[in-house]
Amino acid sequence: MEHNVVVPGLGLRTPTLTAGGNAVLDLGVLEPGTYKLLCDISGHEAAGMVTELVVTGEGGEAAADGGEVVGGEEELDSAALDQRMIDSMMAYPAETEGSGNQPLEPEILADGTKQFELTAAVTPWEKSPGEFVDAWTYNGIVPGPMIKVDVGDKVRVILHNETPLGTDIHWHGIDTPNNMDGVAPFTQDPVKSGESFTYEFVADAPSIGMYHAHFHSQISVINGMFAAFIIGDNPIPYGETISGVTIPTEEELDVAVGMPMVLNDAGVIGLTLNGKSFPATEPVVMKQGQWGIAHYYNEGLTPHPMHMHQFPQLVYAKDGIPLDNPYWADTINIAPGERYSVLWPAEDPGVWVWHCHILTHVENEEGMFGMVTAVIVEEE
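Reading the values: rules and limits
- Residues numbered from 1 in each chain as written.
- Predicted model: local features only at pLDDT ≥ 70, side-chain atom pairs only at ≥ 80, totals over all residues.
- Heavy atoms only, no water.
- Phe/Tyr/Trp six-rings, centres within 6.5 Å; stacked < 30°, edge-to-face > 60°.
- Helix = DSSP H or I, 4+ residues; strand = E, 2+ residues; numbered from the N terminus.
- Buried < 20%, exposed > 50% of the residue type's maximum accessible area, 1.4 Å probe, protein only.
- Core = buried A, V, L, I, M, F, W, Y, C linked by side-chain atoms within 4.5 Å.
- Contact = heavy atoms within 4.5 Å.
- Pairing = 2+ DSSP bridges.
- Salt bridge = Lys/Arg side-chain N within 4 Å of Asp/Glu carboxyl O.

K.L.:
So what exactly am I meant to see when it comes to the packing of aromatic side chains here?
P.N.:
By convention here, two paired aromatic rings are described through the distance between centres and the angle between planes. Taken as a whole and assessed by the stated rule, the structure comprises eleven aromatic pairs. Where Trp171 meets Phe229, the ring centres are 5.5 Å apart and the plane angle is 70°; that geometry is what we call edge-to-face. Remark: Phe229 occurs in strand 13 (residues 226-231) and Trp171 occurs in strand 10 (residues 170-172); sequence separation between them is 58 residues. There is no split in this pair, since Trp171 and Phe229 are both buried.

K.L.:
Can you walk me through the nonpolar core in this structure?
P.N.:
One recurring pattern in soluble globular proteins is that nonpolar side chains are buried together. Core analysis: the biggest nonpolar cluster contains 40 residues, and Tyr138, Trp171, Tyr211 and Phe229 have the highest contact counts within it. Among the elements that take part in this core, strand 13 stands out by supplying six residues, more than any other. Once residues within four sequence positions are removed from consideration, Trp171 is found in contact with Val157, Thr176, Met180, Asp181, Tyr199, Phe201, Met210, Tyr211 and Phe229. Counting 33 residues, the second-largest nonpolar core is a separate cluster that includes Ala294, Val342, Val372 and Val375.

K.L.:
How should I be thinking about the pairing of strand 3 (residues 33-38) in this particular structure?
P.N.:
For a regular strand, the rule is simple: side chains alternate between the two faces of the sheet. Counted residue by residue, strand 3 has five buried out of six residues, so it is predominantly covered. Bridging between strand 3 and strand 4 (residues 50-55) involves six bridges; their strand directions are antiparallel. Among the inter-strand pairings, Thr34 is bridged to a residue of strand 4, identified as Val54.

K.L.:
I would appreciate a short explanation of the pattern of salt bridges in the present structure.
P.N.:
Per the counting criterion, the structure on display carries eleven salt bridges. In this structure, Glu366 engages Arg84 in a salt bridge whose closest nitrogen and oxygen atoms are separated by 2.9 Å. Of this pair, Glu366 sits in the loop between strand 26 (363-364) and strand 27 (367-368) while Arg84 sits in helix 1 (residues 78-90), placing them 282 residues apart in sequence. The network of salt bridges with shared partners includes Lys318, Asp319, Glu338 and Arg339.

K.L.:
It is not clear to me how the environment of Ser220 should be interpreted in this structure. Could you clarify?
P.N.:
Of note, Ser220 is situated in helix 2 (residues 217-220). Residue Ser220 is classed as buried on the basis of its relative accessible area of 2%. Ser220 sits 43 residues away from Pro177 along the chain, and the two C-alpha atoms are 24 Å apart.

K.L.:
Help me understand the environment of Glu365 in this model?
P.N.:
Tracing the sequence through the fold places Glu365 in the loop between strand 26 and strand 27. Judged by its relative accessible area of 58%, Glu365 is exposed. Each C-alpha atom, one on Glu365 and one on Phe201, is 49 Å from the other, the two residues being 164 residues apart in sequence. Aside from chain neighbours lying at most four places away, what touches Glu365 is Leu81 and Arg84.

Rendered as structure tokens:
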């Protein structure tokens, strides 16, 4: 994984280092005091990557007037910590501005081509109540607009770049000609700031894919420029019996929700589900007896084991490819770039938590946050 060292009180930091990398951070001459050192990649401080550097006066105790002093607030007692956790959980679900994954309607051209327009820009995004970040977006939302087409459709996507850097679009998991693959400068020139580029290809095979920037992806993608791209029908194993459970036929299956579940853990978007951090994540509301469908997309930097309380998930496709042997799972580990398609029956009423099972991705000393949502099953 990538890490850095930051001294917030001095405004100093190392470069972000990949595995095996190293750097020297010159702190200069320090006044006596206690200085905080941490990794400021999203989630890493909460996971424990924080320490203190104590500088003492000559032969004396550490003074409290140098750098960013740690402390000053009385240590919270257990009751206060319990209350923080309760308060954070009871704030769910919280309303915020903006909603990602909105379907993007095409313009149908004279020859039947489906034309979509995307504008890449840096825009304010409220990822949790009152917390606005400068996200890198497609059409102003995180995740970007969801594009759905049929097999055989001619697809035309016009990209307008209003970000400060060059960009492109890679069609991850989608079959395209090489010059449409979106990997500047190999398959095209970078789309410079203020310029546009048009992608054209035929959606020739079913896919549960995604699209994201490839040029400067370490900035643009983790900060929001990712979205779902779906071609054709969902490969649900209708009517099959798997480990004693029979999936309804296409005519009988009552689907309450079919949704992308985009995971992130880095950049200004940080530990989020579909661009929002708990308590701003959106609950999934179902009636008892209905079924839910989710397509997990990992656009972050680390794997995430996604766990749904009470309801085993039927994994029926991997990266959009139907599985010969679908299987039931309690927790599904999704690595960066992977997609898993799952189906579950809402058999028991109640509020059931759905979250990443890396615990520091969902709770810290302030309470519950990050990669948590809920499935709410209402009685018939």
